[in-house]
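Spelled out from the first residue to the last, the chains are:
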Amino acid sequence: MIHASAAIAVAHDVEALRATVKQWRDAGDKVALIPTMGALHEGHASLVRQGQHEARRTIVSIFVNPTQFAPTEDFAAYPRTFETDCAMLAAIGADLVYAPTAAVMYPPAFSSTVSVGGPATVGLEDAFRPQFFTGVATIVAKLLIQSTPDVALFGQKDYQQLQVIRHMVRDLDLPVTIMGAETIREPDGLAMSSRNRYLSETERKTAAFIPAALRDCAAALRDGSAPAPTLSEARARLDRAGFVLDYLELRDAETLAPIAALSGQPARLLVAAKIGTTRLIDNWAV
């Protein structure tokens, strides 16, 4: 079934999605998919615009995936702004919203998941959210199989997630190109995120310490500073600012394996920290 919301077509089931994609394929159009959980912001809009450069047609999926939430995380409280999201997508010219229900994605007797290793088991997000990447990999695999896009776009803010998806697509021979888009930031450097709306005014100002610490840490590493003391100082800086730090690590940009010393390889700083009740993640290229 397809209906229109805020002047954009919305598909709610696999049959309607595939029928629309078939029409596009029959016309020779390439298709881009941008998977989201809604609560859209300019970062998502930038993914759609990049998708429009890569393909004639763009699908934006909106589905708050319950299987990637831990029991301690409030799935019900995740922001849901569907009509506003559709209006934004209509304004920037997306072609279709795919908004399946939980019953469509996880029908009765659903019993299969995607098991992931490699960058999903390197002691970053997986150490604090052990169920997370199984949920992400399963839902992304389903979305790719359902929509059969030529290209799918993900933001680099969720860098470990991006690497997990890249490895999954490669390992399972899924016929889609995965593209990572640069993180879109606020004027003070804070990475745009749906979770930023949870921050109080004071917390929002403090949150800008995260990109500042990453930027300065990356600059010091490029200038030849030893990783261990440089990371220790960055961690201490965030601690002094009032964050509860889960991790701030230097990792290989491809495998996410720990790096003790830089030797010219692409590297990435990754951080997760809580300010108040809001957990923020970010990363920075070295």
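Residues numbered from 1 in each chain as written. Predicted model: local features only at pLDDT ≥ 70, side-chain atom pairs only at ≥ 80, totals over all residues. Heavy atoms only, no water.

Student: What is the right way to look at the overall build of the protein in this model?
Tutor: Looking only at helices and strands, one finds ten helices and ten strands in the protein. Computed over the C-alpha atoms, the radius of gyration of the protein is 19 Å, within 12% of the 19 Å expected from 2.2 N^0.38 for a compact globule of 286 residues. Here the C-alpha coordinates of the protein stretch approximately 55 × 40 × 40 Å along the principal axes. Burial statistics for the protein: of 286 residues in total, 52% are counted as buried. (Helix = DSSP H or I, 4+ residues; strand = E, 2+ residues; numbered from the N terminus. Rg over C-alpha atoms; globule rule 2.2 N^0.38 Å. Buried < 20%, exposed > 50% of the residue type's maximum accessible area, 1.4 Å probe, protein only.)

Student: How should I be thinking about the nonpolar core in this particular structure?
Tutor: The tendency in soluble globular proteins is for nonpolar side chains to be buried side by side. By size, the foremost hydrophobic cluster in this structure holds 35 residues, and its most contacted members are Ile-59, Tyr-98, Val-140, Leu-144, Met-168, Val-169 and Ile-178. Among the elements of the structure, α1 (14-26), β3 (31-36), β5 (96-98), α6 (132-147), β6 (151-155) and α7 (159-171) are those that each provide at least two residues to this core. When residues of this core are assigned to their parent elements, the largest contribution, nine residues, is made by α6. The contact partners of Val-140, leaving out residues within four places of it in the chain, are Phe-154, Ile-165 and Met-168. Ala-207, Leu-238, Leu-248 and Leu-269 belong to the second largest nonpolar core, which has 22 residues in total. (Core = buried A, V, L, I, M, F, W, Y, C linked by side-chain atoms within 4.5 Å. Contact = heavy atoms within 4.5 Å.)

Student: Please explain α6 as it appears in this structure.
Tutor: Residues lying three or four places apart along an α-helix face the same way, a consequence of the helix completing one turn every 3.6 residues. In this model α6 runs 23 Å from its N-terminal to its C-terminal C-alpha over 16 residues, within 8% of the 22 Å that 1.5 Å per residue would give. Just downstream of α6 lies Thr-148, where phi reads positive at about 45 degrees. (Expected span 1.5 Å × (residues − 1).)

Student: I tried to follow helix α2 (residues 42-54) on my own but got confused; where do I start?
Tutor: Under the 1.5 Å per step criterion, the end-to-end length of α2 is 18 Å for 13 residues, consistent within 8% with the ideal 18 Å. Every buried residue of α2 is accounted for by Gly-43, His-44, Ala-45, Ser-46, Leu-47, Val-48 and Gly-51. Contact partners of the buried residues in α2: β3, β4 (57-62), α3 (82-91), β6 and β7 (177-181).

Student: Would you explain the pairing of β3 in this entry?
Tutor: Successive side chains on a regular strand alternate, one facing one side of the sheet and the next facing the other. Of all the six residues making up β3, six are buried; the element is thus mostly covered by neighbouring parts of the structure. Burial along β3 is two-sided: the face carrying Val-31, Leu-33 and Pro-35 and the face carrying Ala-32, Ile-34 and Thr-36 are both buried. Of the strand pairs in this sheet, β3 and β4 are connected by six bridges, and their pairing is parallel. Across the sheet, residue Pro-35 finds its bridge partner in β4, namely Ser-61. Traced from β3 through α2 to β4, the parallel crossover comes out right-handed. Sheet topology places β3 next to β6; two bridges connect them, and they run parallel. From the neighbouring strand, Ala-32 faces β6, where its bridge partner is Val-151. (Pairing = 2+ DSSP bridges. Right-handed = clockwise from strand over helix to strand, strands pointing away.)

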